[in-house]
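# Notes for the structure review
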Amino acid sequence: MTYWEELSLKQRKIIEGGDGPYIVNAGPGTGKTKTLIGRIAYLILNKKVYAERILCLTFTRKAAFEILDRLKLLDLSTLPFVNTFHGFAYEFLIKNGQNINLISDQERKKILENLLEKSNFKEFNLNKFSLIISNFKNGIYEASFQEKELIEKYDEELLKRNFIDFDDLIIKFDRFIEENKNKTRANEMFDYILIDEFQDTNIFQYNIVKKFLTPLNNLFVIGDPFQSIYSFRGASARIFDIFKTDFPNYKEETLDVNYRSSKNIVSLSNLIFSSNISSYSEQKGEIFLVETYDEYSEADFIIKTIDEKIGGTNLINVSDIEKSASFSDFAVIYRTHSLNKLLKKKLNKSGFPFQVVGEGAIFEEKEIEFVCLLLLYLNDESEDEFLRKIQRENNKDLFQDKLSQTRVFLNLPLSQLVQKIIEIWNINSTEDFSLFVGNIVQFDKDSDGLKRFAEYYKRLKQNEFYDYESDKITLLTMHAAKGLEFKHVFICGFEEGLIPYKKTGTLSEIEEEKKLFYVAVTRAKEELYLIKAINRDSKKTKESQFKKTIMSEFIKEIKDDWKKLFKKREIQMMQKRQMKIF
Amino acid sequence: MKQILDLHIHSSYSRGTSKNSTLEGLYKWGKIKGISIIGTGDFTHPVWFSEIREKLEPAEFGLFKLKEEIASKIDKELPFSIRNKDIRFILSVEISNIYSKNERVRKVHNLIVVPDFVTVSALNDQFSRIGNIKSDGRPILGVDCKNLLSIVLNINPQALFIPAHVWTPWFSLFGSKSGFDRIEEAFDELTPEIKSIETGLSSDPFMNWRLSFLDNLTIISNSDAHSPEKIGREATILNCDLNYLDIRDAIYSNNQKLIGTIEFFPQEGKYHYDGHRACNVRFSPQETKKMGGVCPVCLKPLTIGVDYRVSELSDRPFEYRPQIHKSVEYIIPLIEIIAEVKKSTVGSKTVWEIYHRLISSFGSEFEILREIAIKDIEKSGFSEYSLAIEKMRKGDVYINPGFDGVYGTISIFKPEDKTTPYCGQMTFLK
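Residues numbered from 1 in each chain as written. Chains lettered and ligands numbered in written order. Predicted model: local features only at pLDDT ≥ 70, side-chain atom pairs only at ≥ 80, totals over all residues.

## A closer look at the overall build of chain A
Put simply, the rule is: Where helices and strands are cited, they refer to DSSP runs of H or I of at least four residues and of E of at least two residues respectively, numbered from the N terminus. The globule rule used here is 2.2 Å times the number of residues to the 0.38 power, and the radius of gyration it is set against is calculated over C-alpha atoms. The exposure scheme places C-beta atoms from the backbone and then counts, for each residue, the other C-beta atoms within 10 Å of its own, assigning buried at 20 or more, exposed at 12 or fewer, and partly exposed in between. Contact between two residues is assigned whenever their backbone-derived C-beta positions fall within 7 Å.
Helix and strand counts for chain A stand at 23 helices and 17 strands. Its C-alpha radius of gyration of 27 Å places chain A within 12% of the 25 Å reference for a compact globule of 582 residues. The burial tally for chain A puts 35% of its 582 residues in the buried class. Considering only residue pairs separated by 6 or more positions, chain A has 74% of its internal contacts joining residues 24 or more positions apart.

Here you go:
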């Protein structure tokens, strides 16, 4: 079977006819990535284009890897350049003999933390500051005088350390191209450029990419204007209009058959932007509008539903199930991270395996990280992140003393050394901490346990402490959900102020919130649960303004049995009180 | 040296377990019951693992003993008859694998036994990145059994990996609800690494021997106890040295070191026979087949039990007995025997007083149930109990198999006629 046989007629048409400036509007689940990969494969295999002459830019590294992995299956002799925009800039500059020293996320975070602490800018947090710098450097944000001052200080810090950040990288890239305009050799151009997730490409990046086009203008962009959710980084669906103005002879195609979601879910998503996507699936699918009493019962509802779908995880609630389901079929999506705190607590109690996208493992917990860094330092003093941490936290008292006290025990088996560290440094041993200590007992057998631990820690850190192999429930924000799909999706906090998010009021902001909602809804393959808690944080909530847009005959409404819930809680309270008496 | 082994138990860190499931509690009850090697259970739980490291110390290779200062305190309170027995611990855990394979949800429990803390630590390290091992001593991992097996073997090829209570409908390798029909379906190319299975309370070796594809596997029994007084309700008898490798060898090669198992009457299980609780219908697999699997009262499909499931997968008849086989001993817990004789309940104070007297006079429960000469028990003034124990040893008991969630009953003396389900009484003599 060749690659083409799996494609629809429309997809094939795009793959074969995508020369010149070409826009593909690809709605959710319509085979965007497949078409993109198909196009690249077609260029190489059928049009005999040299892979080196093709550039494909993606939004995330993960997407780039996925494309490369699938291209590898096609047995190509060389692979085209597939990378993120930043990756492209980096590789290009390095190839041209530039010395690039990129700062790590962590290091950058530390500089920002320090600056914020010293400044009297108490009103914004680290993330906001980080974004301001980035947007300022990208020329899409007017910084205030004070902000500019802070950014200057930040740049000084970078310079001191001989680092540049990701935004500098792009600026440097742009400058380098401009300065060497006349020298730019033809072989640095690309005969074919493809951009994935075009709706999230900002204009600055787009303008740079254009400079790599040969006069044939083979610029193939694919994306979904309805899924443009990164306006805070200067991206906007307007980029499609700009493209059209730049290349008036453009061609445009729309992929409008959703292969991912069942019929009802596609119909619901069509209501949001009055779009007209049809569904390929024969399945109807189910959409539930769930009303729970509060955030506690919201979490309970989610856990109970997952337990039912899995058919019970213990004998008390076993039941027959017809369908197949595994933990990775479930996702809980929310607008802001603050919503996951309680969920995490309850899921932890349930014993279900789960992961929060973008959140660290136990190694990133304060106490554990502290001990790990100390161990790294004890193993090799050139790894002095520990010292810097101590200095930042003004923890300097007695620390030399404590260090020398610790050094006495360096020859103990690793877990015993850690016990000593706990005593000497007065560390709070949490449950996670005992897990950590239990997990490093494995190095007790080695006489060079400390060194082995250091290697192990660094190896894990490279993989972000994350295990991709296992099957877990996924908790994630709407932003992080883009590009993913799950059989069963729960959207939490379907309430005004959360969906759409409260800061928004202007029309364009509401529009973007709508897009986020659209992204979230279209992740679901079979079942979608929109959950509204009547009370959240002990306050009555209001109905989401999006509700009337989507209310339709294919939504089923479910309500908590409140009487039962109150009774249960009353009993729990009584039990707690009785426990206290004894 | 004969050893009685119970590898599969749970600590107080597992769901629905007694708070007495501590190392001290297990030690004490191990002596009362007459078990020599007890699994720690739950070694994945961080707090339990740190207790294990704190309270146990290495004894023979791969075996551990309670530290002297803790043990001596407990010993002081035990009758002399059982005080001086050695108790060894062995590191074990049960994992609940929940995943989907070939378009179906699979829920399989597996028992893992390892020789040292280093292996435990390395496993916990992997498991803690796969799932949540802090909330339940029997953790749920969203991992295919086969992958779990390969993780275990990669970390320590000496580890034992044993599918647990293989016939339980909901959570086991051959379970009718979410298991497999063949070992290969679950373990694919790693199938040869599966060398032993655990019968669980719901099956006995004879049921398992009806399946020729299990002929090369060692059949072992464990209690799966959720409280320490339940340990040893099923167990495995070995004739080997106190040493992990010898135990492993006995279990993995099924050689003469493996004597046999001590069994619960499987009919006592809640899903032994088929039937409908609400319709008061209970059928043997043969009867169910005759009725086409339909309830004669409500005409709906019957709830199918373990015996039926075994028949479904087996290639040998119900009566099949291998010519030579490992010993199989059926027991009724002593406390239940006393309660029956006394026409009282297992919670009654008098019943426990008699239990204590018997233990003080003769030794551990296993000695009383299995070894002490009947006439010796009789002579010491326990004649009504000696008769009951004699009948139990002969298998001369009355059995009412469980069905559709109703526990079966085993009684030594003819039970008074209660409302019996829609089927005849059967006696049981194997």
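## So, the pairing of strand β4 (residues 192–195) of chain A
On a regular strand, one side chain projects to one face of the sheet and the next to the other, so that they alternate. Residues and elements named next belong to chain A. Using the following cut-off: Paired strands, as defined in this entry, are two strands with at least two bridges between them according to DSSP. The path from the first strand over the helix to the second decides the hand: if it runs clockwise while the strands point away from the viewer, the crossover is right-handed.
A two-sided burial pattern is seen for β4, the buried positions comprising Tyr192 and Leu194 on one face and Ile193 and Ile195 on the other. With 4 bridges joining them, strand β2 (residues 54–58) and β4 adopt parallel strand pairing. From the neighbouring strand, leucine 57 faces β4, where its bridge partner is isoleucine 195. With 3 bridges joining them, β4 and strand β5 (residues 219–223) adopt parallel strand pairing. Its bridge partner being in β5, isoleucine 193 is matched across the sheet by leucine 219. Regarding the hand of the β-α-β motif, the stretch spanning β4, helix α9 (residues 203–210) and β5 is right-handed.

## Observations concerning the sheet that holds strand β3 (residues 81–84) of chain A
All names here are of chain A. Heads up, the condition is: Only C-alpha atoms enter the line fits that serve as axes; for helices the fit covers just the stretch in contact. Angles between N-to-C directions range over 0 to 180 degrees.
Spatially, 6 strands are ordered β3-β2-β4-β5-β1-β6 in an open sheet, and the strand pairing comes out parallel. Unpaired on one side and paired on the other, β3 and β6 (251–255) mark the two borders of the sheet. Strand-to-strand twist across the sheet, computed as the mean angle between neighbouring axes with direction ignored, equals 15°. On top of the sheet, helix α4 (residues 85–95) reaches β2 and β3; it is set at about 115° to β3, its chief contact.

## Quick notes on the interface of chain A and chain B
Note the following rule: In this classification, Asp, Glu, Lys and Arg are treated as charged, Ala, Val, Leu, Ile, Met, Phe, Trp, Tyr, Cys and Pro as nonpolar, and every other residue, Gly included, as polar.
On the side of chain B, 34 residues touch chain A, which itself brings 34 residues to the contact. When residues of the side of chain A that touches chain B are traced back to their parent elements, those giving at least two are α13 (340–350) and α18 (431–440) of chain A. When residues of the side of chain A that touches chain B are assigned to their parent elements, the largest contribution, 7 residues, is made by α18(A). Its residues assigned to classes, the side of chain A that touches chain B shows 13 nonpolar, 13 polar and 8 charged.

## Overview of the domain arrangement of chain A
Residues and elements named next belong to chain A. What counts here: Domain start and stop positions are those given by an automatic or database domain assignment.
When its domains are assigned, chain A resolves into domain 1 (1–97 + 175–257), domain 2 (105–163), domain 3 (264–313 + 322–353 + 471–567) and domain 4 (360–462). Listed by partner, the interface residues are 11 residues for domain 1 and 16 residues for domain 3. Tallied by class, residues from the side of domain 1 that touches domain 3 come to 5 nonpolar, 5 polar and 1 charged.

## Topic: the environment of B:Ile331
Residues and elements named next belong to chain B. Relative to the helices and strands, isoleucine 331 is located in the loop between β15 (327–330) and α12 (334–341). Accessibility expressed as a C-beta count within 10 Å gives 22 for isoleucine 331, which makes it buried. As for isoleucine 331 and valine 297, which are separated by 34 residues in sequence, their C-alpha atoms are 35 Å apart. If near-sequence neighbours (up to four positions away) are discounted, isoleucine 331 is found in contact with Ile262, Leu369 and Met392.

## Thoughts on unusual backbone geometry
With the exception of glycine, most residues fall at negative phi, and the peptide bonds are largely trans. Residue and element names in this part refer to chain A. In this structure, the amide linkage connecting isoleucine 499 to the following residue, proline 500, adopts the cis form with an omega of -5°. Within the fold, proline 500 resides in the loop between β13 (486–491) and α21 (507–521). Although it is not a glycine, aspartate 537 sits at a positive phi angle of roughly 50°. Structurally, the position occupied by aspartate 537 is in the loop between β15 (535–536) and β16 (539–540). According to the C-beta neighbour criterion, aspartate 537 is exposed, with 9 such atoms within 10 Å.

## Regarding helix α6 (residues 126–137) of chain A
The α-helix winds at 3.6 residues per turn, so residues separated by three or four positions along the chain end up facing the same way. Residue and element names in this part refer to chain A. The cut-off we apply is this: A helix is expected to span 1.5 Å multiplied by its residue count minus one. What the arc covers is the set of directions going from the helix axis to the C-beta atoms.
Here α6 spans 17 Å end to end across 12 residues, near enough to the 16 Å set by a 1.5 Å rise per residue. Of all the residues in α6, the buried ones are Phe129, Ile133 and Lys137. Down the axis of α6, the buried side of the element spans an arc of 65°, and every buried residue falls inside it. Contacts from the buried residues of α6 go to α5 (105–118), α7 (145–160) and α8 (166–179). Glycine 139 sits one or two residues past α6 and shows a positive phi near 70°.

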